[in-house]
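Summary of the model geometry
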Amino acid sequence: RRELPDGGARPNAAQFKQLVVTALRELHGEVGAALPVDVLTYEEKTLSAILRVISSGLVKLWSALTLLGFYQNRRCAFRVLQTSPFLLALSGNSRELVL
Amino acid sequence: MVRFKNRYVLCEVVSEDPRCRQCIEDRALGLAVRDAITRVHGDYGLACCSISFTVKYLNAYTGTVLLRCRKDSYRLLCSALPFVRCLESRAQRYPCFLNTLHVGGTIRTCQKFLIQYNRTQLLRLLQNCTNEEERQCIQKSLLSCSLTEEQSQSGDEEEDDGTE
């Protein structure tokens with residue numbers, strides 16, 4: 001999941017994906033922008049999303065998102081909450097699982 | 001044993017415009033290659049490849065270029081070379097492209113390859129040439145490089161980089 005704090009207008013899902021691809025293009029060029037990234041879910045209220053990327057591209061994606069500073073001339077930051085190879089693991093914290 | 005290993009990439013600048021050959025400069029070429037790396041691999045690629053990036057040798061008559069980069073990032077450099085589309089110098093743009101001939105670990109191996117390559121190029125030019133004077137010229141240079149080999153087998157053949 002990623003969370004990005006913002007001041008004004010919120011991006012919709014397509015703009016969010018555009019933002020991710022732009023970040024990749026700035027840091028890793030055309031090769032990075034061609035990395036297949038999927039936005040699985042996107043919540044406009046909390047501005048958080050679940051992204052899917054091939055495991056060899058995780059480093060590129062994470063570094064590109066970390067270094068992205070601006071969205072429409074406003075400062076923003078990406079915070080990575082959790083990464084996991086399984087989608088189900090993102091739904092809850094397995095340490096607090098009560099059996 | 002820890003030392004910085006470099007890779008030397010030998011390329012040839014090919015252009016339809018005959019004026020392009022005279023305007024090949026090392027700085028213009030370096031800028032063009034860096035620009036291509038930025039486009040293809042972004043800031044990270046540019047920073048990676050620029051650590052030890054220089055144009056080591058440039059021959060404007062034959063369009064031969066020798067680039068140096070670190071061993072860890074030579075693949076980034078080689079993959080960005082086909083994206084060099086034009087050379088800019090003195091406010092003039094010339095469309096051209098780079099042919100990669102050889103990648104070697106030292107300048108000496110690249111030089112050996114270049115000598116062999118120039119010999120084969122001379123032979124091919126001999127077959128294709130139309131003018132009688134050109135034919136004489138090429139035959140003379142071919143004879144001179146093969147004769148030097150028989151007479152003295154020390155570094156004389158290395159002076160023969162084959163000018164047209």
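Small disclaimer: the values here were computed from a predicted structure and weren't measured. The written sequence of each chain sets the order in which its residues are numbered from 1. To read the labels, note that chains go from A and ligands from 1, taken in the order they are written. Selection of residues for local features in this predicted model requires a pLDDT of at least 70, selection of side-chain atom pairs for listing and counting requires 80 or more, and totals for whole chains, interfaces and linings are taken over all residues. As a rule here, side-chain values come from all non-hydrogen atoms in the structure, and water together with hydrogens is ignored.

Moving on, we come to the pattern of salt bridges. One side chain can pair with another of opposite charge once the charged atoms of both are near each other. All names here are of chain A. Whenever Lys or Arg places a side-chain nitrogen within 4 Å of a carboxyl oxygen from Asp or Glu, that contact is recorded as a salt bridge. Applying the stated criterion to the full structure yields three salt bridges over all chains. Asp 38 serves as the salt-bridge partner of Arg 52, at 2.9 Å between the closest nitrogen and oxygen. Pair noted here: Arg 52 is in strand E3 (residues 48-53) and Asp 38 is in strand E2 (residues 37-43), with a separation of 14 residues, a long-range link. The cut-offs for exposure are 20% and 50% of the maximum accessible area for each residue type, with area from a 1.4 Å probe on protein chains only; residues under the lower value are buried, those over the upper are exposed, and the others partly exposed. The class for Asp 38 is partly exposed, based on a relative accessible area of 30%. Helix numbers and strand numbers start at the N terminus; a helix is a DSSP run of H or I with at least 4 residues, a strand a run of E with at least 2.

With that out of the way, let us pick up the sheet that holds strand E6 (residues 97-104) of chain B. All names here are of chain B. As summarised here, the arrangement of the four strands in space is E2-E3-E1-E6, forming an open sheet in which the pairing is antiparallel. Bordering the open sheet on either side are strand E2 (54-59) and E6, each of which pairs with just one other strand. The average angle at which neighbouring strand axes cross in this sheet is 25 degrees, direction not considered. Pairing between two strands is assigned when DSSP locates at least 2 bridges connecting them. Sheet topology places E2 next to strand E3 (residues 64-70); five bridges connect them, and they run antiparallel. The residue bridging Val 55 from the neighbouring strand is Leu 67, located in E3. Packing of helix H4 (residues 107-128) onto the sheet brings it into contact with strand E1 (6-14), E2, E3 and E6, and relative to E6 it is tilted by some 120 degrees. Axis lines are fitted to C-alpha atoms, over the contacting stretch for helices. Their N-to-C directions set the angle, which ranges from 0 to 180 degrees. Contacts: residue pairs with any heavy atoms within 4.5 Å of one another.

Our focus in this paragraph is the sheet that holds strand E1 (residues 2-3) of chain A. Residues and elements named next belong to chain A. With respect to topology, four strands assemble into an open sheet ordered E2-E3-E1-E6, the strand pairing being antiparallel. The open sheet is flanked by E2 and strand E6 (79-80), the only strands paired with a single partner. Sitting on the sheet, helix H1 (residues 13-33) is in contact with E2 and E3, with an inclination near 140 degrees to E2. Sheet strands touched by helix H2 (residues 58-66): E1, E2, E3 and E6. Its angle to E3, the strand with the most contacts, is close to 145 degrees.

The next thing to look at is the nonpolar core. Residue and element names in this part refer to chain B. One finds Val 13, Val 33, Leu 67, Leu 77, Leu 81 and Leu 87 to be the most contacted residues of the largest nonpolar core, which totals 26 residues. Take this core: its biggest share by element is seven residues, from helix H2 (residues 26-49). Leu 77 has contacts with Val 9, Val 33, Ile 37, Cys 49, Phe 53 and Cys 69, leaving out every residue within four places of it along the chain. By nonpolar core is meant a set of buried Ala, Val, Leu, Ile, Met, Phe, Trp, Tyr and Cys residues that side-chain atoms within 4.5 Å join together.

Separated by 38 residues in sequence, Asp 38 of chain A and Cys 76 of chain A have C-alpha atoms that sit 21 Å apart. Sequence-distant contacts of Asp 38 of chain A, defined by excluding residues within four places in its chain, comprise Ile 50, Leu 51 and Arg 52 of chain A.

Before going further, it helps to spend a moment on the confidence of the model for chain B. Residues and elements named next belong to chain B. Taken residue by residue, chain B gives an average pLDDT of 81. The fraction at 70 or more is 88%. Predictor confidence is given residue by residue as pLDDT, running from a minimum of 0 to a maximum of 100. Counting contacts from residues 150-164, a segment whose pLDDT is below 50, to residues more than four positions away or on other chains yields 14 contacts. Two summary scores accompany this predicted model of the complex, namely pTM at 0.78 and ipTM at 0.78.

Taken together, the contacts link eight residues of chain B with seven residues of chain A. Carbon and sulfur atoms make up 55% of the surface buried where chain B meets chain A, a total of about 450 Å² over both sides. Along the contact surface separating chain B from chain A lie zero salt bridges. Definition of a polar contact: a pair of N or O atoms within 3.5 Å, with one able to donate and the other able to accept a hydrogen when the atoms are protein atoms, and with sequence-neighbouring residues admitted only if both atoms are side-chain atoms. At the boundary of chain B and chain A, one finds six residue pairs in polar contact (both at pLDDT 80 or more). Each residue receives one of three labels: charged for Asp, Glu, Lys and Arg, nonpolar for Ala, Val, Leu, Ile, Met, Phe, Trp, Tyr, Cys and Pro, and polar for the others, Gly being one of them. Of the residues that constitute the side of chain B that touches chain A, the class distribution is two nonpolar, four polar and two charged. Two parts placed together each lose some accessible area under a 1.4 Å probe, and the buried area is that loss summed for both.

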